[in-house]
Amino acid sequence: MTAVATLTGALSTGPGAWHTIDWYAVHRTVRRLQARIVKAVQAGRWGKVRALQHLLTHSFSGKALAVQRVTNNDGRKTPGVDGRVWDTPEKKARALRELRQRGYRARPLRRVYMPKSDGTHRQRPLSIPTMHDRAMQALYLLALDPIAETLGDPNSYGFRTQRSTADAIEQCFNVLARQHAPQWILEGDIRVFGRSTASAMTGYWRISRWRPPCCGSD
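Residues numbered from 1 in each chain as written. Predicted model: local features only at pLDDT ≥ 70, side-chain atom pairs only at ≥ 80, totals over all residues. Heavy atoms only, no water.

**Remarks on the overall build of the chain**
Helix and strand counts for the chain stand at 8 helices and 4 strands. Listing every helix and strand of the chain by position from the N terminus yields α-α-α-α-α-β-β-α-α-β-α-β. Taking all 218 residues of the chain together, the buried fraction comes to 28%. For the chain, restricting intrachain contacts to residue pairs at least 6 apart in sequence, the fraction spanning at least 24 positions comes to 59%. Surface exposure of the chain reaches about 15100 Å², of which carbon and sulfur atoms provide 53%. (Helix = DSSP H or I, 4+ residues; strand = E, 2+ residues; numbered from the N terminus. Buried < 20%, exposed > 50% of the residue type's maximum accessible area, 1.4 Å probe, protein only. Contact = heavy atoms within 4.5 Å. Areas by Shrake-Rupley, 256 points an atom, 1.4 Å probe, with all protein chains shown as cover.)

Here you go:
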């Protein structure tokens, strides 16, 4: 019997059921399936990719890890439009049992406004999904992330798994510190979406010349 098969059984909603989960086995099973998805993508076997994604999103391990992620992050105490949070082991176990694709329909987002951190009185809108919708997103992210990481730009660092600002800084140094490195850097910041390209980009592009720290200024 495979590790996947041993972790596909139903979970009771009684007290302490959530604490009986073998989290080491859960993480190991998810990692194995994700590794198989990566190998299938690299081999171009897209039928096998879809089959492995289906197996992962319908497995006990995938659902348990999805519920754990949305109940352990900073937004775990923020409800959606249904006003529900999964703040007890019993609720988490029940949510795991109810996490299924059949009959699923996303709920509307709860709209709140947060003050901006730039010192002004402006506010930025924030849309908050329900806990169930967040768990579904986390579940399918487990199946999509291996493909994105395999086919994604090797020099893209925003919202990438196991990548940080330090990695981007290191790549910039490797490219710009060479003797025949590029002399100019084009920095873009598109702040407006929905208008014409020209009006949206006007005034938000800056070209600066790269000077290695050892060379000083002209």
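**Some points on the pattern of salt bridges**
Tallying each qualifying case throughout the model produces 2 salt bridges. A salt bridge links Arg160 to Glu149; the nearest nitrogen and oxygen atoms lie 3.0 Å apart. Taken as a pair, Arg160 in the loop between α6 (131-151) and α7 (165-176) and Glu149 in helix α6 lie far apart in primary sequence, 11 residues in all. Since its relative accessible area comes to 27%, Glu149 is described here as partly exposed. (Salt bridge = Lys/Arg side-chain N within 4 Å of Asp/Glu carboxyl O.)

**A closer look at the confidence of the model for the chain**
Across the chain, the average pLDDT comes to 82, with 79% of residues at or above 70. Below pLDDT 50 for its whole length, residues 1-6 participates in 6 contacts with residues either more than four positions away or in separate chains. Under a pLDDT of 50 for its full length, residues 200-205 has, in the predicted model, 10 contacts with residues more than four places off or in other chains. (pLDDT = per-residue confidence, 0-100.)

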